[in-house]
Amino acid sequence: MKDRIIRTEMRDSDVTAGRKAVSGTDRKTLRRALRTLHRLEIMAVNIYKHQIPCRDENLNRRLISAMANEMSHVQDFQILLYEFRFKPSLLRSAFWIIGLFLGMGSRLAGREAVLKTGVWTESKAIRHYTELIGSIRWDPKSLEVLRRDLRDEEAHLSLWKKEMA
């Protein structure tokens, strides 16, 4: 797999404080979508973080890379939330805990469970991204973030499936 940039440089000019939803988009729906993606990315980070201490160094490297990539997604959605003048969900700590249990549980169950959890996590993320991209009128900047992160999730899914083969 070709090396790719996990985190991109960000400048002050990249932030648009006080952004408004695209005309015809309900702010409540937009907030719910951004919070959902933010929470799921927090869960994914913690799943990968707690799977890392495996004996397979190659798998550890992939898990660390996946965790770092998911961390950049958390940042993407936290930035979008604040740009639209929303706050992250208070329920995000529950997703942090769920990620901890899924990550530790799968690590204790072995390599196959780690990979199956990765496939499940990425499949869930792809389903949510696809649904939310199609159900909301996104502004171009937000849509680009969603599409970029969706491509990352698809690459992770492909990687975990290949590891299972």
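Residues numbered from 1 in each chain as written. Predicted model: local features only at pLDDT ≥ 70, side-chain atom pairs only at ≥ 80, totals over all residues. Heavy atoms only, no water.

1. Notes on the nonpolar core
Thinking step 1. Counting 38 residues, the largest nonpolar core has Leu-34, Trp-138 and Trp-160 as its most contacted members.
Thinking step 2. The element contributing the most residues to this core is helix H1 (residues 27–51), with 10 residues. (Core = buried A, V, L, I, M, F, W, Y, C linked by side-chain atoms within 4.5 Å. Buried < 20%, exposed > 50% of the residue type's maximum accessible area, 1.4 Å probe, protein only. Helix = DSSP H or I, 4+ residues; strand = E, 2+ residues; numbered from the N terminus.)

2. Quick word on the packing of aromatic side chains
Thinking step 1. Taken as a whole, this structure holds three aromatic pairs when the rule is applied.
Thinking step 2. A centroid spacing of 5.9 Å and a plane angle of 50° characterise the contact between Phe-77 and Tyr-129, whose relative ring orientation is tilted. With Phe-77 in helix H2 (residues 57–83) and Tyr-129 in helix H4 (residues 111–135), this residue pair connects regions lying 52 residues apart in the sequence. In this structure, Phe-77 and Tyr-129 share a single accessibility class: buried.
Thinking step 3. Where Phe-84 meets Phe-86, the ring centres are 6.2 Å apart and the plane angle is 25°; that geometry is what we call stacked. (Phe/Tyr/Trp six-rings, centres within 6.5 Å; stacked < 30°, edge-to-face > 60°.)

3. A short note on empty space enclosed by the protein
Over the atoms, a rolled probe matching the size of one water molecule traces out where space is still vacant.
Thinking step 1. Following the criterion strictly, the structure yields one cavity of 30 Å³ or more and no others.
Thinking step 2. In this structure, the largest cavity spans a volume of roughly 60 Å³.
Thinking step 3. What lines the largest cavity is Leu-40, Glu-41, Met-43, Ala-44, Glu-70, Thr-121, Glu-122, Lys-124, Ala-125 and Glu-153.
Thinking step 4. If you list the elements that add at least two residues to the lining of the largest cavity, you get H1 and H4.
Thinking step 5. Taken together, the residues of the lining of the largest cavity break down into four nonpolar, one polar and five charged. (1 Å grid on protein atoms, 1.4 Å probe; cavity = no way out; pocket = protein on both sides within 12 Å on 5 of 7 lines; lining within 4 Å. Points joined across faces, edges and corners; volume = space filled by probe spheres on them. Nonpolar A, V, L, I, M, F, W, Y, C, P; charged D, E, K, R; others polar.)

Interpretation in functional terms is not warranted from these geometric data alone.
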